[in-house]
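Report on the structure
Okay, here's what each chain looks like letter by letter:
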Amino acid sequence: MTEHCLVLITCGGDGEARSIARRLVEDRLAAGVQIIPIQSIYAWDDQIVEDDEVLLIAKTRADKFETIRDLVVELHSYEIPPVIRIDIGGAHLPYLEWIDQNVEGFKTG
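Structural notes, computed from the coordinates. These numbers were taken from a predicted model, which means no experiment stands behind them. (Residues numbered from 1 in each chain as written. Predicted model: local features only at pLDDT ≥ 70, side-chain atom pairs only at ≥ 80, totals over all residues. Heavy atoms only, no water.)

**Overview of the nonpolar core**
Spelled out, the test is: Nonpolar cores are built from buried Ala, Val, Leu, Ile, Met, Phe, Trp, Tyr and Cys residues. Side-chain atoms within 4.5 Å join them into one set. Relative accessibility thresholds used throughout: buried, under 20% of the residue-type maximum; exposed, over 50%; partly exposed, between the two (1.4 Å probe, protein chains only). Runs of E in the DSSP output that reach at least two residues are strands. Runs of H or I that reach at least four are helices, and both are numbered from the N terminus. Contact criterion: two residues are considered in contact whenever any of their non-hydrogen atoms come within 4.5 Å of each other.
V7, I9, L24, L56 and I68 are the most contacted members of the largest nonpolar core, which has 18 residues in total. Those elements giving two or more residues to this core turn out to be strand 1 (4-11), helix 1 (14-26), strand 3 (47-61) and helix 2 (65-75). Once residues within four sequence positions are removed from consideration, I68 is found in contact with V7, I9, L24, L29 and T60. With eight residues, the next largest nonpolar core counts A31, I57, I88 and V103 among its residues.

As structure tokens, this is what we get:
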């Protein structure tokens, strides 16, 4: 398992997305979060739904995923918040080092 990952989080609106993104960075759970408007088509309650949503891409360490997931579930308006982890161990080493420097709990040496 890699030490670094991206966490994808889909939100229903810009305000909620910005609030969650800011909290992740302020709490040093993520080194940075991108906020991207998206259009989604998905199945919900036996219907096909089309919505404008906002995608968060959080850059973090794998050991923070469960804490991030729990925080998002607490803050999110969706009944089932989408919180998806993608491992990025093969990323550019200086970028991974930047994540380490900005996520709480990383120890050097």
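**Examining the layout of surface pockets**
Convention followed: Definitions used throughout: a 1 Å grid over protein atoms alone; a cavity as a set of points that fits a 1.4 Å probe which cannot get out; a pocket as an open set with protein on both sides within 12 Å along at least five of seven lines; a lining residue as one with an atom within 4 Å of a point. Grid points are joined across faces, edges and corners, and a volume is the space filled by probe spheres set on the points.
Empty space within the largest pocket amounts to approximately 240 Å³. It is strand 2 (residues 32-44) that contributes the most residues to the lining of the largest pocket, three residues altogether.

**Structural notes on the sheet that holds strand 1**
Here is the rule we go by: Any two strands between which DSSP finds at least two bridges are classified as paired. For every element, the axis is a line fit to its C-alpha atoms; helices are fit only across the contacting stretch, and the angle between N-to-C directions ranges from 0 to 180 degrees.
As summarised here, the arrangement of the four strands in space is 2-3-1-4, forming an open sheet in which the pairing is antiparallel. Two strands in the sheet have a free side with no partner beyond their single neighbour: strand 2 and strand 4 (83-87). On average, adjacent strands in this sheet sit at an angle of 30 degrees to one another, irrespective of strand direction. Both strand 2 and strand 3 contribute to a ladder of 13 bridges, which runs antiparallel. Across the sheet, I38 pairs through a bridge with E53, a residue of strand 3. Its contacts with the sheet put helix 2 on strand 1, strand 3 and strand 4, and the angle it makes with strand 4 is roughly 160 degrees.

**Quick look at the packing of aromatic side chains**
Our working definition: Under the pairing criterion, centres of Phe, Tyr and Trp rings, with the six-membered ring standing for Trp, must be within 6.5 Å; the plane angle then separates stacked pairs below 30 degrees from edge-to-face pairs above 60, leaving the rest tilted.
A full pass over the atoms with the stated rule returns one aromatic pair. With a centroid separation of 5.4 Å and 35 degrees between ring planes, the pair formed by Y95 and W98 is classed as tilted. Of this pair, Y95 and W98 both sit in helix 3 (residues 93-102), three residues apart, which is roughly one turn of that helix. Using a relative accessible area of 32% as the deciding quantity, one classes W98 as partly exposed.

**Regarding the environment of P82**
Examined against the element boundaries, P82 turns out to sit in the loop between helix 2 and strand 4. Leave out the neighbours within four places in its chain, and P82 touches L8, I9, T10 and H76.

**Some details on helix 3**
Cut-off, in case you're wondering: The directions from the helix axis to the C-beta atoms are what the arc is built from.
Listed in full, the buried residues belonging to helix 3 are L96, I99 and D100. Viewed end-on, helix 3 has its buried residues packed into an arc of 100 degrees, placing them on one side of the element. Those residues of helix 3 hidden inside the fold are in contact with strand 1 and strand 3.

**A few points about the pairing of strand 1**
Burial runs high along strand 1: seven of the eight residues are buried. Bridge count between strand 1 and strand 3: eight bridges; the pairing is antiparallel. The partner of C11 across the bridge, within strand 3, is V54. Judged from the five bridges that link them, strand 1 and strand 4 form a sheet pairing that is antiparallel. For L6, the partnering residue across the bridge sits in strand 4 and is I86.

Remember, this is a structural readout, not a statement about activity or role.
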